[in-house]
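Letter by letter, the chains look like this.
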Amino acid sequence: MKYLFTINLNLVCHVRTLHTSGWGQQQEAVAVESEPEPFSVFRTQETDPACQSEKHLGQFYTLPSAHFRPLFPHGLPYRYQQQVKTFNEACFMVRPPALEVISYLKKADYSKPALRYLFYGVKGSGKTMSLCHAVHFCYTQGWVVLHIPDAHLWVKNCKELLPSSYNSARFDQPLQATTWLRNFRTTNEHLLSQIKTKRRYVWTKRESTDEGRPLGELVNQGISRVKSSSDVVGALMKDLRLQSSQPGADFRLVVAVDGVNALWGRSTIKKENKSAVDLEELTLIHNLKKLMKNDWTGGAIITTLSQTGSLYTPKSAYLPQELLGETGFDSMDPFIPVSVPNYSEKEFESAYLYYLDRKWLQHPQSRTEDGKKELSFLSSKNPSMLDRICGFL
Amino acid sequence: MESTAKKRRCSFNKDWETTYHWVKPVQGDSQRVFCEVCQSSFSVSHGAPERSGREFGSRKPRREEGEPRTEKMPLDQDWTAVYPAATPFRAGSVPLPVRMGYPMKGGVPPEKKGNLELIKIPNFLHLTPAAIKKHCEALKPFCTEWPSALDTDAKCDEHFPIKVECTDYVSSGLSVRNPSARIVQLKVKLSILNLDDHARKKMLKLVGERYCKDTDVLTITTDSCPLRQQNYDYAQYLLTVLYHESWKTEAWEAEKTVADMEEYSWEGSPSQKNIMDMLLRMKVAGEGEGEEVQEQLLARSEVQEYKDSVTRLKNEGDNESSVLQYKEAVKKVFNL
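Definitions and cut-offs
Residues numbered from 1 in each chain as written. Chains lettered and ligands numbered in written order. Predicted model: local features only at pLDDT ≥ 70, side-chain atom pairs only at ≥ 80, totals over all residues. Heavy atoms only, no water. UniProt positions renumbered as here; feature names shortened; annotations may be inferred. Helix = DSSP H or I, 4+ residues; strand = E, 2+ residues; numbered from the N terminus. Buried < 20%, exposed > 50% of the residue type's maximum accessible area, 1.4 Å probe, protein only. Contact = heavy atoms within 4.5 Å. Salt bridge = Lys/Arg side-chain N within 4 Å of Asp/Glu carboxyl O. Pairing = 2+ DSSP bridges. Core = buried A, V, L, I, M, F, W, Y, C linked by side-chain atoms within 4.5 Å. Axes fitted to C-alpha atoms, helices over the stretch in contact; angles between N-to-C directions. Buried area = accessible area lost by both parts, 1.4 Å probe. Nonpolar A, V, L, I, M, F, W, Y, C, P; charged D, E, K, R; others polar. Phe/Tyr/Trp six-rings, centres within 6.5 Å; stacked < 30°, edge-to-face > 60°. Lys NZ or Arg CZ within 6 Å of the ring centre and 35° of its normal.

Per an unreviewed UniProt entry, chain A goes by Small ribosomal subunit protein mS29 and derives from Amphiprion ocellaris. Recorded under Subcellular location (unreviewed entry), the UniProt text for chain A is reproduced unchanged: "Mitochondrion". Per UniProt, chain A has the following entry under Sequence similarities (unreviewed entry): "Belongs to the mitochondrion-specific ribosomal protein mS29 family."

Next comes the structure, spelled out in structure tokens:
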């Protein structure tokens, strides 16, 4: 493994000592020549989000693959998914916004109404990743994860729109609902058999789900019977909400919605007579909005704003009020807005070292000090821009 | 444009000197000849100078160009005499080494001599400070003295709160009249007028664009009547009517909706309802329903802070600091 160590030596020569604590260890690792994996300054071995703290800020932790597959069948940004496939590992950076929300989640009192957290920031600053980090924490704590990957997907490009069987004024979206139910099942497999339904749901004249059946059955019903899948989603949400509110509940519910501003924006879906569909008329959106209200206890609601998929909003909008609008703000109020800024110096350093370590930066100039400064300037330390630029090198 | 047969350009031929006495060669350029009659050189690349036969003694010799005026200008000259009125740029009269134009490859912008770019653009060489001073001195006999007591802006505002501006135009032409002279502009600060809260809001809604928030000045510009005096009367009338109307309250004003409100008021807003709901459910104040619980909750400092932050967020729009303030207030309410 001499090859790996020559690379390390290069790192030792060119890297500035921002991580002075790990510096000595790095040198030792090179001298001893017994570690098969380079013990890097930008990585931390702490894979449990509950135990991460300020000293791990700026460092990458690897998600154990046992967690990765079930937890994120959906929900990660597309480019990041490709990166995970390329590098064969899923690494999250520990950053202040996610740590802040995790600390609130730890401190919060779950007999009180659910608290709402909102990640906001410029495009590509890491809001979705922070959300996923927080969701990973909840998952490790054994909560039920209700993760909607992008609410914008539910308000646009709908190929099939059925009038709802439950309420004739509303419209169903069977395809989106079934995909989501499938992913939900993957994430919460182990918990679905334990939680039981509290009410009786009648789907058609012949099919119904009785009280006391495991939730898994409800979900399977929704996946197999595509027509009623949107109603299943609604029923699922209602049930989970009611159950987690009860004092004797043995689980907690985290509702993670990415692109929550879609719920109060406009939609591009058109009815057959070419008039636009009002958001209230979509079953999925209607039920999700009910979940967003903090009239239930025993859980938390973590959301992000997203301009990227949103409709009819200017590109430069990133602050909460601009993207949520009046109605959105009034519905979400009171919430805790958490700002997600671009990388700081230390974080940028970490990301750069990570790419170097993974041999993603092949260009010889990228290893020099000047190259690093150039990268920092070109991407203005914006995580997604850095990712895109490094893709060319 | 090359023709198919290769042609060579003509150059100076010694025989021409004998044939045409006025022809002389030009040093350094074999494709030009110098005509002694008209004292200029022209190109002969396209053939012998037969064309110039007609110039043979028929035109007056062109006299030499003199020195440009700039060489003879003393440093302390009276510039207003050089450019007394608006005239196009004259390279020979402006003693500045001005260059203008696109620099060709390896070159610099062309000089001012014969530069059409400089002639095309408007110049203000006739409006130097010295010229302005002269104009002012010339206009002084027609003006009255500024009152010495009004030496600061504040005093002017105090004694003369309404300012009326009209413009007179002087030009030479077929008629001395100018239709733009009828425009009258009336400026007044709204703080001078005695308006209560409702009257002020109504006034602002009535005038719309004519009010400037930064300087608190209402500007009424009238030009609908043909004469200045009529416009002035109309402007005064408008001001009076605006003032009286804004004090009146009509019956339909009761239908004012939340969307019409100029400022966000927290009382009765969904935000207040939300936070009250939440606090009641969190049972912060202890058991008991009704007004006193509400009052108690409202009196808490966290709720007041929350109210301030929401009002600021809604009125100012969002920026980083107002969002941070809101965050701190919400955290305090939830004891995080």
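Moving on from the coordinates now.
K.L.:
Just to check I follow, could you spell out the side chain of A:Q176 for this structure?
P.N.:
All names here are of chain A. Structurally, Q176 is set in helix α7 (residues 174-187). With a relative accessible area of 15%, Q176 lands in the buried category. Leave out the neighbours within four places in its chain, and Q176 touches L153, W154, K156, N157, C158 and L284.

K.L.:
I would appreciate a short explanation of the pattern of salt bridges in the present structure.
P.N.:
When the charged atoms of two side chains lie near each other, side chains of opposite charge can form a pair. Inspection of every chain in the model, using the stated rule, returns 30 salt bridges over all chains. Note that B:R200 is salt-bridged to B:D216, the shortest N-O span being 3.9 Å. With B:R200 in helix α6 (residues 197-207) and B:D216 in the loop between β6 (211-212) and β7 (217-222), this residue pair connects regions lying 16 residues apart in the sequence. Taking relative accessible area as the criterion, B:R200 reaches 30% and is therefore assigned partly exposed. Shared partners join several salt bridges into a network, and the residues in it are A:R43, A:E89, A:D357 and A:R358.

K.L.:
When you look at the pairing of strand β4 (residues 144-148) of chain A in this model, what are you seeing that I'm missing?
P.N.:
Residues in a regular strand point their side chains to alternate faces of the sheet. Residues and elements named next belong to chain A. Summarising burial for β4: five of the five residues are buried, a large majority. Burial of the side chains of β4 extends over both faces: V144, L146 and I148 are buried on one face and V145 and H147 on the other. Of the pairings in the sheet, the one linking β4 to strand β9 (residues 253-258) comprises five bridges and is parallel in character. In the sheet register, I148 faces β9, and the bridge partner there is V257.

K.L.:
Would you take a moment to explain the nonpolar core for this structure?
P.N.:
The nonpolar side chains of a soluble globular protein tend to be buried, and buried together. All names here are of chain A. Core analysis: the biggest nonpolar cluster contains 114 residues, and L105, L146 and L240 have the highest contact counts within it. At seven residues, the largest contribution of residues to this core is made by helix α6 (residues 127-140). Other than its neighbours up to four places away in sequence, L240 contacts V144, L146, F184, I195, L215, F251 and L253. Membership of the second largest hydrophobic core comes to 19 residues, among which are Y352, L356, L361 and L386.

K.L.:
Whenever I open this one, the sheet that holds strand β5 (residues 184-189) of chain B confuses me. Can you help?
P.N.:
Backbone hydrogen bonds hold the strands of a sheet together, and the pairing may be parallel or antiparallel. All names here are of chain B. The strand order β4-β5-β7-β6 describes an open sheet built from four strands, whose pairing is antiparallel. Each having just a single partner strand, β4 (163-166) and β6 make up the two edges of the open sheet. Where β4 meets β5, four bridges bridge the pair, whose relative direction is antiparallel. Note on β5: the bridge partner recorded for C166 is V184. Relative to β7, helix α7 (residues 228-247) is tilted by about 140°, and along the sheet it contacts β4, β5 and β7.

K.L.:
I tried to follow the interface of chain B and chain A on my own but got confused; where do I start?
P.N.:
Accessible area lost upon the coming together of the parts is a frequently used measure of interface size. Each partner contributes residues to the interface: chain B has 22 residues there, and chain A has 23 residues. The largest contributions to the chain B side of the interface with chain A come from B:K314, B:D318 and B:L336, which together make up 27% of the buried area. Linking chain B with chain A are three salt bridges. The closest approach of N and O atoms between B:K314 and A:D330, which form a salt bridge, is 3.1 Å. Listing elements by their share of the side of chain B that touches chain A, those giving two or more residues are α8 (270-281), α10 (301-316) and α11 (320-333) of chain B. Residue composition of the side of chain B that touches chain A, by class: twelve nonpolar, four polar and six charged.

K.L.:
What exactly am I supposed to notice about the packing of aromatic side chains here?
P.N.:
Each aromatic ring pair is described using two quantities: the centre-to-centre distance and the angle formed by the ring planes. Residue and element names in this part refer to chain A. Considering all chains together, one arrives at 18 aromatic pairs over all chains under this definition. Relative to F184, the ring of W180 lies with its centre 5.2 Å away and its plane at 20°, an arrangement referred to as stacked. Here W180 and its partner F184 are both found in helix α7, four residues apart, which amounts to about one turn of the helix. Each member of the pair, W180 as well as F184, is classed as buried. These aromatic residues form a ring-pair network of at least three members: F60, F87, Y354, Y355 and W360. Sitting above the plane of the Y312 ring, R266 keeps its charged end 3.7 Å from the centroid.

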